[in-house]
Amino acid sequence: MRRFVLGWKKLGHERRLRAYIVNYADDLVICCRDKAADALVTMRGMMTKLKLTVNETKTRVCKLPEEKFDFLGYTFGRCYSPKTGRAYLGSTPSKKRVQRVCEAISQETGRNRTLLAQETVITTLNRIMIGWANYFCLGPVSPAYRAVERHARKRLRQWLCAKHKLRGQASKQFSITTLHQVLGLVELTTRTSSLPWAFSESRMREMRLSGSMSENRKQSHAKPD
């Protein structure tokens, strides 16, 4: 893949087609304003000469913002601001990745795991969810976080009822407050307020000012040599 990326620039395709490659390992996206069909033909020709295989099921021309595409677990396309409603090009965790983490949560809360201590199961769920959220922290992630949270609560309730042989409605047996604040299940939606892009401009100014004042106080208390 490195030979392809270097050759794309060296042979002048990037400049001629105004097509720029974004890649990670064997995955890549070619971004261009027009001439997408020409870029696709050129890419296939180079791949053939380099004896590299193109995954045709994942290879297509995608026109933004009318269409969307998945890359590295994110879906790129038109997003809408929850505050203003304005449209913009952005990224969200892909549905496949949300489904995949939910499947992992389901696997850890199966009936074949009821012999485990609840602390062990909750610790495992927290590790899975936090690790997933640490990667998927760009763009409007709140809807995806809420979906994962809901699934984790549902599965944990069912697991707790099965483990303790409880009957009745699981949501009444274990409320949201009990699951998160008493048992310690992580709340992903509370993490969004601490993400760097989530701060408003005024909040960022306050933080910078606070940091500057703190630094000035440290210097004023410093003893002379």
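The coordinates are above.
On a predicted model such as this, the values are computed, not experimentally measured, just so you know.

Thresholds applied
- Residues numbered from 1 in each chain as written.
- Predicted model: local features only at pLDDT ≥ 70, side-chain atom pairs only at ≥ 80, totals over all residues.
- Heavy atoms only, no water.
- Helix = DSSP H or I, 4+ residues; strand = E, 2+ residues; numbered from the N terminus.
- Buried < 20%, exposed > 50% of the residue type's maximum accessible area, 1.4 Å probe, protein only.
- Contact = heavy atoms within 4.5 Å.
- Areas by Shrake-Rupley, 256 points an atom, 1.4 Å probe, with all protein chains shown as cover.
- Pairing = 2+ DSSP bridges.
- Axes fitted to C-alpha atoms, helices over the stretch in contact; angles between N-to-C directions.
- Salt bridge = Lys/Arg side-chain N within 4 Å of Asp/Glu carboxyl O.
- Expected span 1.5 Å × (residues − 1).
- Phe/Tyr/Trp six-rings, centres within 6.5 Å; stacked < 30°, edge-to-face > 60°.
- Core = buried A, V, L, I, M, F, W, Y, C linked by side-chain atoms within 4.5 Å.

Visitor: Can you walk me through the overall build of the chain in this structure?
Guide: Helix and strand counts for the chain come out as nine helices and five strands. In the chain, the succession of α and β elements from N to C terminus is α-α-β-β-α-β-β-β-α-α-α-α-α-α. Within the chain, the proportion of its 225 residues that are buried is 31%. Residue pairs at least 24 apart in sequence account for 50% of intrachain contacts in the chain once pairs closer than 6 positions are excluded. With the model as given, the accessible surface of the chain reaches about 15,700 Å², and the carbon-plus-sulfur share is 52%.

Visitor: So what exactly am I meant to see when it comes to the sheet that holds strand E5 (residues 87–93) here?
Guide: Within the open sheet, the three strands sit side by side as E3-E4-E5. Their pairing is antiparallel. Edge positions in the open sheet fall to strand E3 (69–71) and E5, since each of these has one partner strand only. In this sheet, neighbouring strand axes are inclined to one another by 40 degrees on average, regardless of whether the strands run parallel or antiparallel. Where strand E4 (residues 74–80) lies against E5, seven bridges are found, and the strand directions are antiparallel. The residue of E5 that forms the bridge with Gly77 is Gly90.

Visitor: Hey, could you run me through the pattern of salt bridges in this one?
Guide: Close approach of charged atoms lets side chains of opposite charge pair. Enumeration according to the criterion identifies four salt bridges in this entry. One salt bridge connects Arg44 with Glu56, and the closest N-O pair in it is separated by 2.7 Å. One end of the pair, Arg44, is in helix H3 (residues 36–49); the other, Glu56, is in the loop between H3 and E3, with twelve residues separating them in the sequence. Judged by relative accessible area, Arg44 falls into the partly exposed class, the value being 29%. On the basis of relative accessibility, which here comes to 44%, the residue Glu56 falls in the partly exposed class.

Visitor: What am I meant to see in the environment of Ala104 here?
Guide: Within the secondary structure layout, Ala104 lies in helix H4 (residues 95–108). Exposure remark for Ala104: the relative accessible area of 25% places this residue in the partly exposed category. C-alpha separation for the pair Ala104 and Ile128, spaced 24 residues apart in sequence, amounts to 7.8 Å.

Visitor: Looking at this structure, I do not really get the pairing of strand E1 (residues 19–24). What am I missing?
Guide: If a strand is regular, its side chains alternate between the two faces of the sheet. By the bridge criterion, six bridges tie E1 to strand E2 (residues 27–32) in an arrangement that is antiparallel. The residue bridging Asn23 from the neighbouring strand is Leu28, located in E2. Hairpin connection from E1 to E2: two residues lie between these consecutive antiparallel strands, with Ala25 at a positive phi of about 55 degrees.

Visitor: How should H3 be read in this particular structure?
Guide: An α-helical segment advances 3.6 residues per turn. Residues three or four places apart therefore align on the same side. The end-to-end C-alpha distance of H3 is 20 Å, a good match for the 20 Å that 14 residues give at a rise of 1.5 Å each. Where H3 is buried, its residues meet helix H1 (2–10), helix H2 (13–17), E1 and E2. Looking at the residues trailing H3, positive phi occurs at Lys51, about 60 degrees.

Visitor: Where do I start with the packing of aromatic side chains in this structure?
Guide: A ring pair, where both rings are aromatic, is described by two values, the distance of the centres and the angle of the planes. Scanning the entire structure with this criterion turns up eight aromatic pairs. The structure contains a cluster of three or more aromatic residues connected by ring pairs, namely Phe69, Tyr74, Phe76, Trp132, Tyr135, Phe136 and Tyr145.

Visitor: What is the right way to read the nonpolar core from this model?
Guide: Inside soluble globular proteins, nonpolar side chains tend to come together where they are buried. Met129, Trp132, Val148, Leu156 and Leu188 are the most contacted members of the largest nonpolar core, which has 28 residues in total. Mapped onto this core, the elements with two or more residues apiece are H4, helix H5 (118–135) and helix H6 (142–163). When residues of this core are assigned to their parent elements, the largest contribution, eight residues, is made by H6. With residues near it in sequence (within four places) discarded, Met129 still touches Ile105, Val148, Glu149, Ala152, Leu185, Val186 and Leu188. Phe4, Val5, Trp8 and Met46 belong to the second largest nonpolar core, which has twelve residues in total.

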